[in-house]
Number of protein chains: 2
Amino acid sequence: MAVGPASFPAMPVIEGLRLGTAKAGIKTAERRDLVVFEVPEGATVAGSFTRNAFCAAPVTVAREHLAACTLHGEAPRYLVINTGNANAGTGDVGLRDARATCAELGRLAGVKSSCVLPFSTGVIGETLPMERLLGGLPEALRSLDEGPKGWAAAGEGILTTDTRPKGASVTIQLGDETVTLNGISKGSGMIKPNMATMLAFVATDAALAPALLEELLRETVERSFNCITVDGDTSTNDACMLIATGRGAAINDDHRLALFRDALQQLMIELAQAIVRDGEGATKFVSLQVDGAVSRQEALDVAFTVAHSPLVKTALAASDANWGRILAAVGRAPVVDFDVDRVVIDLGEVRLVEGGGRAAGYTEDAGSEVMAREEIPIRIDLGRGERSATVWTTDLTREYVAINADYRS
Amino acid sequence: MAVGPASFPAMPVIEGLRLGTAKAGIKTAERRDLVVFEVPEGATVAGSFTRNAFCAAPVTVAREHLAACTLHGEAPRYLVINTGNANAGTGDVGLRDARATCAELGRLAGVKSSCVLPFSTGVIGETLPMERLLGGLPEALRSLDEGPKGWAAAGEGILTTDTRPKGASVTIQLGDETVTLNGISKGSGMIKPNMATMLAFVATDAALAPALLEELLRETVERSFNCITVDGDTSTNDACMLIATGRGAAINDDHRLALFRDALQQLMIELAQAIVRDGEGATKFVSLQVDGAVSRQEALDVAFTVAHSPLVKTALAASDANWGRILAAVGRAPVVDFDVDRVVIDLGEVRLVEGGGRAAGYTEDAGSEVMAREEIPIRIDLGRGERSATVWTTDLTREYVAINADYRS
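Residues numbered from 1 in each chain as written. Chains lettered and ligands numbered in written order. Predicted model: local features only at pLDDT ≥ 70, side-chain atom pairs only at ≥ 80, totals over all residues. Heavy atoms only, no water.

1. Section: the sheet that holds strand E7 (residues 177-186) of chain B
Either a parallel or an antiparallel arrangement is found when strands of a sheet pair, and the pairing is made through backbone hydrogen bonds.
Residues and elements named next belong to chain B.
Here is step 1: What the 5 strands build is an open sheet, ordered E3-E10-E8-E7-E6; its pairing is mixed. Each having just a single partner strand, strand E3 (44-49) and strand E6 (166-174) make up the two edges of the open sheet. Recorded for the sheet is a direction-independent mean angle of 10° between the axes of neighbouring strands.
Here is step 2: In the sheet, strand E8 (residues 199-204) pairs with strand E10 (residues 239-244) via 6 bridges, with the strands oriented parallel. (Pairing = 2+ DSSP bridges. Helix = DSSP H or I, 4+ residues; strand = E, 2+ residues; numbered from the N terminus. Axes fitted to C-alpha atoms, helices over the stretch in contact; angles between N-to-C directions.)

Structural data, given as C-alpha cells:
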C-alpha cells in the first residue's frame, strides 16, 4: 500500500559522482542490497545522523570517519550502504564489522579506510554476514555508473519494507549555469526522525564551502525529514548525507544561495514526503499544519501530538471525520496556558472546530467528503501567536499492525 | 478481548452510600447508562480530573461544584454519571446541559444543585439527549441500593467500549474496626491518563480529614491511574473520585494512615490494571519497570516511550521477543547524557540486552517462551541512578485498529 502514484525520475548526471550496486545476499538472495557511492575528489560532504542514543555501529563509524576527513581537510570518497541488516545493537562486533567494511572497500578502491562512510538498514540486533557483504563489494565497484541507471539501481538497493523506490531531482538555472540536485531516500516504518529518516542521500554538482553545506543540510532537514512521522519510532540508523561535487556552479552570493536553498528544501521535502506516502500500511497522506503558536517548537509539539494519536490515525484510516479525536489530541499537547476557545480546526476547506466545540456550519457530509480523499490537509490554528509548523504523516491501518507483527525490524 | 480472567467482587456495604442505575437510552436502548451515587451527609469527597485542555463540560462543572462545596464546608451529596455520550467539545450547550442535569437531580433529591457532581463518558462532540437523560433520573433514584447489587449495576452502567465491568474491594483491620474500600472503574481506549483514567469511583467508610483525603488521592492516583497507558491518548473526561463516608474508623494516627494508604494504593492499582487488561484489542498485559534512573520522571519518560512505541506493541502482539525494538525505543527516550552501554533489559527472567547489544547468554527460545505468555514483565535498568517507576500497558493488535476505525469516540 502507498498513497499517490509512484515516481522515480531519470536522474541527470552529476559529473564525477558514480553509483554501483550488488546482490550480496545479505538477507535474501537475488535482490540488490549493497550500494556504493563514489564521490569525486574535491567534493564536500555533510551528514546528519540519528539522535537515538542506541545508534547503530555504522552511524558511529560514519561520524568518526567524517570527522577525521574534516580534520585532514579531505572529503569522504565512498559511501557504502547495505540493506537487510541494520548492524544495530551489535556492540563491539558491530563496530569491528563496520570498520572492516570500510577497510576492505578502501583497499579495493585505493583510498584510506577513513575516506569510506558505512550505512546499514534492516533488522536490528543481528551481526552482519561479513563474508557475503565483503564478497559483494567488487561487483558494486564494477557496476559504478554516472547515469540514471546507477541512481535507479541505488534507489532500489537501499530499500527494506518500502514498497517502491524514492527519488527526486531538481535543476536550477544560475545565470548560464545549470545546477543539478539528485536525491534518493528509503524508509517506511520506524519513522519519526529526530534528524533525518532512515537513509537519504542527496548530491549536487554545485560548489559550496563546507560550513555552508553543513548549515544548509541542518536547515533543510529540520523542515523536511524532521517533520515526518509514520509511527513515532525513531530509528537507530537514520542518516541523511549531502554531497556537493563542486564541479558545477559556485554558490557564492546571496541570490544564488537563496535559489539553491529553495531547490534543496524542495528536494528534501519531496524525498521526506515520499517516505510518508510509502508508510507501512498507509492509505492516507496527511498534512498537519499548525498556525498561531507562540513558537515553532509549540507548533511542532501540537502537530506531532495529533500525528501520533492512534485514535486520530485510526479515524483517518476509516475516513471518519472524527473531529472530537483531533480536538482531544490537541487538548493533551504540551501547551502552557492553553485557551481552547481560541482554537480553530479546519479539515481541508471545511471548518470543524471553533469556540471549544464543533463549528456552527459544520456538517458530517462536508467532513466526510474531505476524509474520503487520499490526501488530507488538517490545519489547526491555536490563536495565540505567529509561529507555524507543518508535519506530514499517515493513517494507522490493520496492515500496519500486520506488517509489524510479522516483520523483524 | 481482554487479558486474564474477569472478576467483579461482591462489594461489602459501605453504610449510607447507595448506588442507583437506570436505562435512559442515551446511546442505545436497553442498557444501563445512567448511574447515581448517593453520598451520606458528613462524608468527605476528593476528586482528580483530566489535564486535557479540552476538558469536557461535566469535568468543568464537577470541578466548580466540588470547589463550591469545599467553600461552604459541605460535601457533594450526589454523583451522576452517564455513558454513551461524553458531553465533550459541546461548548456552551454542553455546560448548560451538565448544569441542568445537576439541577434536576438536586430538585428530585431535595439538595442544592451545587451538591451534585456530573460525569459523562462516550462519544465526543455530540450534545446530550437531555430529555432521555433527565427522564432516567427518577428510575436511578428509585433503585438506590447500599448492597453489592447496587455496586454491580453501577459497575456495568459506566462502561463504554469496555468488554467487562471492573471492580475491586479491600478491607483492613484497624484494632477492632474493619475499614472497607470499594471501587469501580471504566476505560478501554483513549487511555493515557494524566491524572486518572476515564472514570473511577472509590468509596470507603473511613473517616479522614479533607486535606488528608486529597493528598491520599493525589498520591495513589500518581502510582496507579497515572501509570497506565493503552494508546497514549488522554481523554477529555478523565475523573477519579474518592468518597469517605466517615461513618467508620477514623484514620487518626500514623500507623492507621500507613495501613489505609497501602490498602488504597492496592485498590487503585487493581482498578487501573483492570483497565489495561481490558484495553481495546489487548491480548497482552505488560508491566514495564524502569530502574536505575536519576529521577522518577526520567524512569517514567523511558517507560512511557517504550509503552507507546507502535513497533514494541506490535512485536508484543506477535509474541516476538524483538529486543531490538525495545532497545531502539529506550534509545529515543528523552534522557540527557545517556550511556547506552550501562543499560540492561530483562524480559521476565531472561536477560535480553547488556553492554549496548544482545546479552551474551540470550537465546531466541528463552525469549520466545516469555513472550508467549499473557502477562509480560519487562525490566529496564538504566544504570545511572536510584529511582524507579512502573507502567502498565497492552500490545497493539489488528483488533485495536478495527475497534477504533469503527467506533466513534
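2. Regarding the interface of chain A and chain B
Bring the parts together and some accessible area is lost; that lost area is often taken as the interface size.
Here is step 1: Taken together, the contacts link 52 residues of chain A with 51 residues of chain B.
Here is step 2: Summing both partners gives a buried area of about 4300 Å² for chain A against chain B, and 58% of it is carried by carbon and sulfur.
Here is step 3: The tally of links between chain A and chain B comes to 0 salt bridges.
Here is step 4: Looking at the side of chain A that touches chain B, the elements with two or more residues in it are helix H8 (310-317), helix H9 (323-331), strand E14 (357-358) and helix H11 (398-406) of chain A.
Here is step 5: Of the residues that constitute the side of chain A that touches chain B, the class distribution is 22 nonpolar, 19 polar and 11 charged. (Contact = heavy atoms within 4.5 Å. Buried area = accessible area lost by both parts, 1.4 Å probe. Salt bridge = Lys/Arg side-chain N within 4 Å of Asp/Glu carboxyl O. Nonpolar A, V, L, I, M, F, W, Y, C, P; charged D, E, K, R; others polar.)

3. Thoughts on the domain arrangement of chain A
Residues and elements named next belong to chain A.
Here is step 1: Along its sequence, chain A is organised into domain 1 (18-277) and domain 2 (285-406).
Here is step 2: A separation of 33 Å is found between the C-alpha centroids of domain 1 and domain 2.
Here is step 3: In this assembly, 15 residues from domain 1 lie in contact with 14 residues from domain 2.
Here is step 4: For the pairing of domain 1 and domain 2, the buried interface totals around 1400 Å² over both sides, and the portion due to carbon and sulfur atoms is 59%.
Here is step 5: Here domain 1 is connected to domain 2 by 1 salt bridge.
Here is step 6: Linking domain 1 with domain 2 are 1 residue pair in polar contact (both at pLDDT 80 or more). (Domains from an automatic or database assignment. Polar contact = N/O pair within 3.5 Å; in protein donor to acceptor, adjacent residues only side chain to side chain.)

4. Considering the packing of aromatic side chains
Residues and elements named next belong to chain B.
Here is step 1: By the definition in use, this model includes 7 aromatic pairs over all chains.
Here is step 2: Seen in terms of ring centroids, Phe37 and Trp151 are 5.9 Å apart; in terms of plane orientation they differ by 90°. Their pairing is edge-to-face. Taken together, the positions of Phe37 in strand E2 (residues 34-38) and Trp151 in helix H4 (residues 148-157) put the pair 114 residues apart, joining distant regions of the chain. As far as burial versus exposure is concerned, Phe37 and Trp151 are alike and both buried.
Here is step 3: With 5.3 Å between their ring centres and 85° between their planes, Phe119 and Phe201 make a pair best called edge-to-face. (Phe/Tyr/Trp six-rings, centres within 6.5 Å; stacked < 30°, edge-to-face > 60°. Buried < 20%, exposed > 50% of the residue type's maximum accessible area, 1.4 Å probe, protein only.)

5. Thoughts on the environment of Pro58(A)
Here is step 1: Its location among the elements puts Pro58(A) in helix H1 (residues 57-71).
Here is step 2: Put simply, Pro58(A) and Arg223(A) are 165 residues apart on the chain and 25 Å apart in space, counted from C-alpha to C-alpha.

6. Overview of the sheet that holds strand E11 (residues 285-293) of chain B
Residues and elements named next belong to chain B.
Here is step 1: One open sheet accounts for 7 strands, arranged E9-E16-E11-E15-E12-E13-E14; its pairing is mixed. Among the strands making up the open sheet, the edge pair consists of strand E9 (228-229) and strand E14 (357-358).
Here is step 2: Relative to strand E16 (residues 387-394), E9 runs parallel, the two being bridged by 2 bridges. Bridge pairing links Ile228 to Trp392 in E16.
Here is step 3: This element, helix H9 (residues 323-332), spans strand E12 (344-347), strand E13 (350-354), E14 and strand E15 (375-381) of the sheet and lies at about 50° to E13.

7. Regarding the packing of H1(A) against helix H2 (residues 91-109) of chain A
Residue and element names in this part refer to chain A.
Here is step 1: Closest axis-to-axis distance for the H1/H2 pair is 8 Å, and the angle between their directions is 50°. Overall, the two elements H1 and H2 adopt an arrangement that is oblique. The two elements H1 and H2 cross, and the hand of that crossing is right-handed. In contact with Ala57, Pro58, Thr60, Val61, Glu64 and His65 of H1, H2 contributes Gly94, Leu95, Ala98, Arg99 and Cys102.
Here is step 2: Looking at the contact of H1 with H2 residue by residue, the classes come out as 6 nonpolar, 3 polar and 2 charged. (Parallel < 35°, antiparallel > 145°, perpendicular 65-115°, else oblique. Left-handed = near helix turned anticlockwise from the far one by under 90°.)

8. Structural notes on unusual backbone geometry
Residue and element names in this part refer to chain A.
Here is step 1: Despite not being glycine, Ser319 shows a phi value in the positive range, around 55°.
Here is step 2: For Ser319, the location among the structural elements is in the loop between H8 and H9.
Here is step 3: Positive phi outside glycine occurs at Asp337, with the angle close to 55°.

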